[in-house]
Each structure stands twice: as structure tokens, then as C-alpha cells.
Amino acid sequence: MITGKTRLNAVIGFPIGHSKSPALHNALYQKLGIDAVMLAFAHNNLKNLISAIKTLNIGLAAVTMPFKQSVMPFLDKIDKTAKKINSVNTIINKNGKLFGYNTDIDGIARALKGVVIRNKIVLVLGAGGAARAIAYYIKMKKGKLAYINRTKTKASILQKDFGGRIASLKALQSAQIIINATPIGMHPKVKASPLSKKFLRKTQVVFDLVYNPAPTQLLKDAKTAGAKTVSGTEMFAGQALRQIELFTNKKLSNPRLTALAVNLLIKT
Ligand code: NAP
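This text gives an overview of the structure that appears in the document.

Definitions and limits used
- Residues numbered from 1 in each chain as written.
- Predicted model: local features only at pLDDT ≥ 70, side-chain atom pairs only at ≥ 80, totals over all residues.
- Heavy atoms only, no water.
- Core = buried A, V, L, I, M, F, W, Y, C linked by side-chain atoms within 4.5 Å.
- Buried < 20%, exposed > 50% of the residue type's maximum accessible area, 1.4 Å probe, protein only.
- Helix = DSSP H or I, 4+ residues; strand = E, 2+ residues; numbered from the N terminus.
- Contact = heavy atoms within 4.5 Å.
- Near = heavy atom within 4 Å.
- Polar contact = N/O pair within 3.5 Å; in protein donor to acceptor, adjacent residues only side chain to side chain.
- Areas by Shrake-Rupley, 256 points an atom, 1.4 Å probe, with all protein chains shown as cover.
- Nonpolar A, V, L, I, M, F, W, Y, C, P; charged D, E, K, R; others polar.

As for the nonpolar core
Counting 30 residues, the largest nonpolar core has L112, I117, I134, I138, Y147, I179 and F207 as the members making the most contacts within it. Of all elements in the fold, only α4 (104-111), β7 (121-125), α5 (129-140), β8 (144-148), α6 (152-162), β10 (177-180) and β11 (205-208) reach the threshold of two or more residues within this core. Sequence-distant contacts of L112, defined by excluding residues within four places in its chain, comprise I117, Y137, I138, I179, F207 and V230.

Quick notes on the side chain of T81
Relative to the assigned elements, T81 resides in helix α3 (residues 80-85). Classification of T81 as buried rests on a relative accessible area of 19%. In this structure, T81 is in contact with I105 and Y136, ignoring residues within four places of it in sequence.

Comments concerning the site of the ligand
Taken together, the neighbourhood of the ligand is formed by 21 residues, with A127, A130, N149, T151 and L209 sitting nearest. A distance of 2.8 Å separates an oxygen atom of the ligand from a polar atom in the side chain of N149. Protein contact buries 77% of the 930 Å² of open area that the ligand shows by itself. Breaking the shell around the ligand down by element, the ones donating at least two residues are α5 and α9 (232-248). Element by element, the count of residues in the shell around the ligand is highest for α9, at three residues. Within the shell around the ligand, the residues separate by chemical class into 11 nonpolar, seven polar and three charged.

Next up, the structure:
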């Protein structure tokens, strides 16, 4: 029930209609008994959005495209992982001071829990913000990074910042873990896949960051090939749970909660 004490949270971006954050957050707040509500604010002037966060005392603001980098100069303090990734997807308002975090990295860690990365050849498709978080995580776990991106210069920036190499056809064939960090396969172009079936094998792990639809064409093909598949829903649920941890200052590391969040997400 919404009362005079209910906290207002937000997801900010432009456009924002596609965001699943309000549906997932509000369902989780209800399940966890958190007195808060999340609404989506579509607005293209970031300065106005920041001033709204302060004026309306918004407790948590999830940040989505196109503001994940441009929001950084507006914040009072930025967590060191978010600085290294150069991307903020979460703002926590503590008494008018704005703190920036990157919880995509926590979502990646939850999604890839149990997957051995050390010394594995990890092929990353894409070189945008999400690929940067992936590259940071894989480097931390000592995987061997290989990048493919439509715009080669952007893949070179990842290589410079996180090591690894630009993938050749050989790297494509020898990839042990494949991670799609492009929007290819996302609703409405659900039949599209970023990688031909001929590169998929049963010894691989295939992780698709795209979470709408779930599963994507890439994950369907990977499953048919016998590979282990990891869905973007796991990452999305994981990053949202970490946002709620930062907001409530309480640990939510129960794996059953991740499963519940994934289910809520698939239903929305
Ligand atoms: P972004 O910064 O816009 O980067 C997108 C990347 O994909 C760029 O490298 C771009 O290549 C490439 N790309 C886009 N369209 C392409 C096409 N038609 N063919 C080939 N390459 C293409 O986006 P992002 O924030 O990194 O997000 C990437 C995907 O991850 C999105 O689908 C997003 O929904 C998903 N994501 C999921 C989660 C989750 O929690 N599951 C979290 C974050 C993001 P260029 O460099 O050539 O432009």
C-alpha cells in the first residue's frame, strides 16, 4: 500500500517505454516488503532529471540509455568499479548527495556464477557499454579476451583498456565462452542471431545479454548444439537485486531470490 512514507524510485532514460525495471522492481518491493515504488521517467535533459532526483528525494535511480556515461559528471561520488568500467547504471541518493554505481557487473557475476573463466578463450560480440562491463569482469577472472565488433576502432578501445585481442576467424572457431553484448536478436527482430550456427559447439558456454525475448535465437541455436546457455534475464535480475541491496543497505544474496526475480522478469 502506498502511504505518506513510501519512497519514490525511478528509472531514467530516453526513450524508456521498453524498460522492464519498473515491473521487476515493484514486484520485488512487494515480495520483500520494501515501502517504495518505481516509476519510469522519460526525459532527454539530464540536468533536469538530476535536479528532479534531488527535489523529489528519489532514493534510487536506475540509469539507462543514453545516460550511463553522461550522468557521471553530475554525481558527488562514483564507486571505483563504475569508474573503471566508465559507466553508471545506478544512483543512490543519500541526503541529497548522489552516489553512482555499476550493478551490471554484479548481474554478470550472478549470471556467470559456476562458469570457469580462468584461461578460457572468451569471445565478446559488441563493444558498447555492456561489453565494457563484460570485459572488466572477464579480465578480473583471468579469461582470455577476444573481441568482434562492427566498428573495429571501438573493439580496439576495449583491447587497450582490458587487454585481449581482436578476434580472427581462428579465435571464433576456438572460442570456449561466447558472450553477445550487441542488441542483435532483441525484440522485435527475434529471428536474428549475431553468430552463425556453425560456430556453436557442445563444449561451449553461450551467454546472451539480450533478455527480451528469453531465450533468444542465439541461445536456442546454442542449446540445439548442446552448449550450456546463460540468459540475459539472469544478469538483469542480478543487477536489479544489487540495486535493491544498495537502496536498502541489506544483503540479498539468496540464490532463490535470483530465481524468483528471473521468473518475475519472464512474466513481465
Ligand atoms: P551500446 O552501448 O549501444 O552498444 C551496442 C554494441 O552492439 C555496439 O558495439 C554496436 O556496434 C553493436 N551493434 C549494435 N547494433 C548492431 C548490429 N545491427 N550489428 C552489429 N553490431 C551491432 O549498448 P549496450 O548498453 O552495450 O547494450 C548492448 C545489449 O546488451 C543491449 O541489447 C542491451 O539490452 C543488453 N544489456 C543487457 C543487460 C542485462 O541486464 N541483461 C544489461 C545491459 C545491456 P558499433 O560499435 O559498431 O555501434
